[in-house]
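# Descriptive structure summary
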Amino acid sequence: FDSSLSPEYFLKPEVLAPFGVVLLLSGAAVVSVTVFKQWHMKPIALISKGSSKVRFSRVLFTFQFVISITLAICSITIIQQIDHIEHAPLGFNRSIVQLNAPGPESLTVLKQKVGMLPDVNNVTISGGNPISGNAVARLELEDGTFYSAYLFSGDEDFLKTLGLNLIEGVFPSKENKEHLVNETLVRQFDLKNPIGQKTPGGKGGVIVGVVKDFTIGSFKEQIPPVMISFHEIGRAWL
């Protein structure tokens, strides 16, 4: 999670106190049980035939092994989940940084200024990013049914900046009501040749390109249908 813990952190009283309490209670429980068992143990029982199979000992050792195995499984699972978050393919550039301008009229100037920075590869004006700031629309089809789609918009550098993979077609232009759609939308409506077809629920818009599916919001959610249109200073076609 791009965070680090220094040795000084563990020396803070508010961190040491809970650990100390847990260790104290655990140690007290172990000592109490041990003393209790020794106090009630009869010396003659140590040489009896069945002394090695004390029921309490079996239950205690079994309980300890169950806890150890459970903690080991949890640790392995957490490590695998963190590795998945860090390295799983998202379908878009992980290194994007979003800047918000005071107003739409400042976007063009902001783009030019940021693009001049030496460590910046690409800049785009967009209406959001795949993780946050995106819009969801409830679109009506010709048969009266509805479906939900995520709406994105950006200028001519949108695909290059986000690192989206254009499978076929071209990026929409600002003169027409055109859309890029993702693979999920194409599969959902079984579009054999999507280029040139009317965008489902798009109020007259047509599909001019298809992009490869990319993660939206969370790994836990299925990738939804997506429409991408040209962004013109805060305005996007639907």
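Here's a quick rundown of the structure. Remember, it's a predicted structure, so these values are computed and weren't measured experimentally.

Conventions and cut-offs
- Position numbers for residues start from 1 in each chain and track the written sequence from start to end.
- In view of the model being predicted, local features appear only for residues whose pLDDT reaches at least 70, and side-chain atom pairs are presented and counted only at 80 or more, with totals across whole chains, interfaces and linings using the full set of residues.
- With hydrogens and water stripped out, all remaining heavy atoms of the structure feed into the side-chain values.
- Secondary structure elements follow DSSP: runs of H or I of four or more residues count as helices, runs of E of two or more count as strands, with numbering from the N terminus.
- Computed with the Shrake-Rupley method and a 1.4 Å probe, the accessible areas treat only the protein chains shown as cover for residues.
- Think of a 1 Å grid over the protein atoms and nothing else: a 1.4 Å probe that fits but is trapped marks a cavity, an open set flanked by protein within 12 Å on at least five of seven lines marks a pocket, and residues with an atom within 4 Å of a point count as lining.
- Grid points are joined across faces, edges and corners, and a volume is the space filled by probe spheres set on the points.
- Burial here depends on accessible area, computed with a 1.4 Å probe over protein chains only, as a share of the maximum for the residue type. Under 20% is buried, over 50% is exposed, and the range in between is partly exposed.
- A pair of strands counts as paired when DSSP detects no fewer than two bridges linking them.
- Polar contact is defined as a pair of N or O atoms within 3.5 Å, subject to the rule that within protein one atom must be able to donate a hydrogen and the other to accept it, and that residues adjacent in sequence are counted only when both atoms are side-chain atoms.
- In this analysis, two residues are considered to be in contact whenever any of their non-hydrogen atoms come within 4.5 Å of each other.
- The criterion is simple. A nonpolar core is a set of buried Ala, Val, Leu, Ile, Met, Phe, Trp, Tyr and Cys residues joined through side-chain atoms within 4.5 Å.
- Think of the arc as the fan of directions from the helix axis to the C-beta atoms.
- The aromatic pairing rule takes the rings of Phe, Tyr and Trp, using the six-membered ring of Trp, and pairs them if the centres are within 6.5 Å, calling planes under 30 degrees apart stacked, those over 60 edge-to-face and the rest tilted.
- We call a charge positioned over a ring when the NZ of a Lys or the CZ of an Arg lies within 6 Å of the ring centre and within 35 degrees of the ring normal.
- When the strands point away from the viewer and the connection leading from the first strand across the helix to the second strand turns clockwise, the crossover is called right-handed.

## Considering the overall build of the chain
What the chain contains, in helices and strands, is 5 helices and 7 strands. Order of helices (α) and strands (β) in the chain, N terminus to C terminus: α-α-α-β-β-α-β-β-α-β-β-β. For the chain, the exposed surface amounts to about 16800 Å²; the carbon and sulfur share of it is 62%.

## Looking at the layout of surface pockets
Roughly 790 Å³ of internal volume is contained in the largest pocket. Of all elements in the fold, only helix 3 (107-115) and helix 4 (158-162) reach the threshold of two or more residues within the lining of the largest pocket. Here the element with the most residues in the lining of the largest pocket is helix 3; it accounts for 4 residues.

## What to know about the pairing of strand 5 (residues 206-211)
Of all 6 residues in strand 5, 5 are buried, a share of seventy percent or more. Note that strand 4 (residues 178-182) and strand 5 share 5 bridges and pair parallel. When the bridges of strand 5 are listed, Val181 appears paired with Val210.

## Considerations on the side chain of Asn129
With respect to the helices and strands, the residue Asn129 is situated in the loop between helix 3 and strand 1 (135-140). Polar contacts involving the side chain of Asn129 include one to the main-chain amide nitrogen of Ile131, which spans 2.8 Å. Beyond its immediate sequence surroundings of up to four residues, Asn129 is in contact with Ile96, Gln98, Asn134 and Phe152.

## A look at the environment of Ile85
With respect to the helices, strands and loops of the structure, Ile85 is situated in helix 2 (residues 55-87). Between the alpha carbons of Ile85 and Phe219 there is a distance of 8.6 Å; along the sequence they are 134 residues apart.

## A short note on the environment of Thr77
The residue Thr77 is located in helix 2 in this model. Among the polar contacts made by the side chain of Thr77, one reaches the main-chain carbonyl oxygen of Ile73 at a distance of 2.8 Å.

## Some words on the nonpolar core
Formed by 16 residues in total, the largest nonpolar core has its most connected members in Phe152, Phe158, Leu164, Phe214 and Ile228. When contributions to this core are tallied by element, the ones reaching two or more residues are strand 2 (146-154), helix 4 and strand 6 (226-232). Not counting residues up to four positions away in its chain, the partners in contact with Phe152 are Asn129, Pro130, Asn134, Phe158, Phe214, Ile216, Val226, Met227, Ile228 and Ser229. By size, the runner-up hydrophobic cluster in this structure holds 12 residues, among which are Ala137, Leu139, Tyr147 and Val186.

## What to know about helix 3
Within the sequence span of helix 3, burial applies to Leu107, Lys111 and Val114. When helix 3 is viewed along its axis, its buried side chains cluster within an angular range of 75° and face the same direction. Facing away from the buried side of helix 3 by over 90 degrees, the exposed positions are Gln112 and Lys113.

## What to know about the packing of aromatic side chains
Two aromatic rings, taken as a pair, are described by how far apart their centres are and by the angle between their planes. All told, the structure shown has 3 aromatic pairs when counted by the stated rule. Ring plane angle 65° and centroid distance 5.8 Å describe the contact between Phe152 and Phe214, whose orientation is recorded as edge-to-face. Highlighted residues: Phe152 in strand 2 and Phe214 in the loop between strand 5 and strand 6, separated in sequence by 62 residues. Residues Phe171 and Phe230 carry aromatic rings whose centres are separated by 6.5 Å and whose planes lie at 65° to one another, so their mutual orientation is edge-to-face. Taken together, the residues Phe171 in the loop between strand 3 (166-169) and strand 4 and Phe230 in strand 6 connect sequence positions 59 residues apart. Of note, Arg138 hangs over the ring of Phe146, and the distance from its end group to the ring centre comes to 3.9 Å.

## What about the side chain of Lys111?
In this structure, Lys111 sits in helix 3. Overall, Lys111 belongs to the buried group, its relative accessible area being 17%. Separated by 2.8 Å, the side chains of Lys111 and Asp157 make a polar contact.

## A word on the pairing of strand 4
Burial within strand 4 is extensive, with 5 of its 5 residues counted as buried. Because side chains alternate across strand 4, one face comprises the buried residues Glu178, Leu180 and Asn182, and the other comprises His179 and Val181, equally buried. Assessed by its sense of winding, the connection that carries the chain from strand 4 through helix 5 (residues 183-188) to strand 5 is right-handed.

As far as function goes, none of this settles anything; it's purely spatial.
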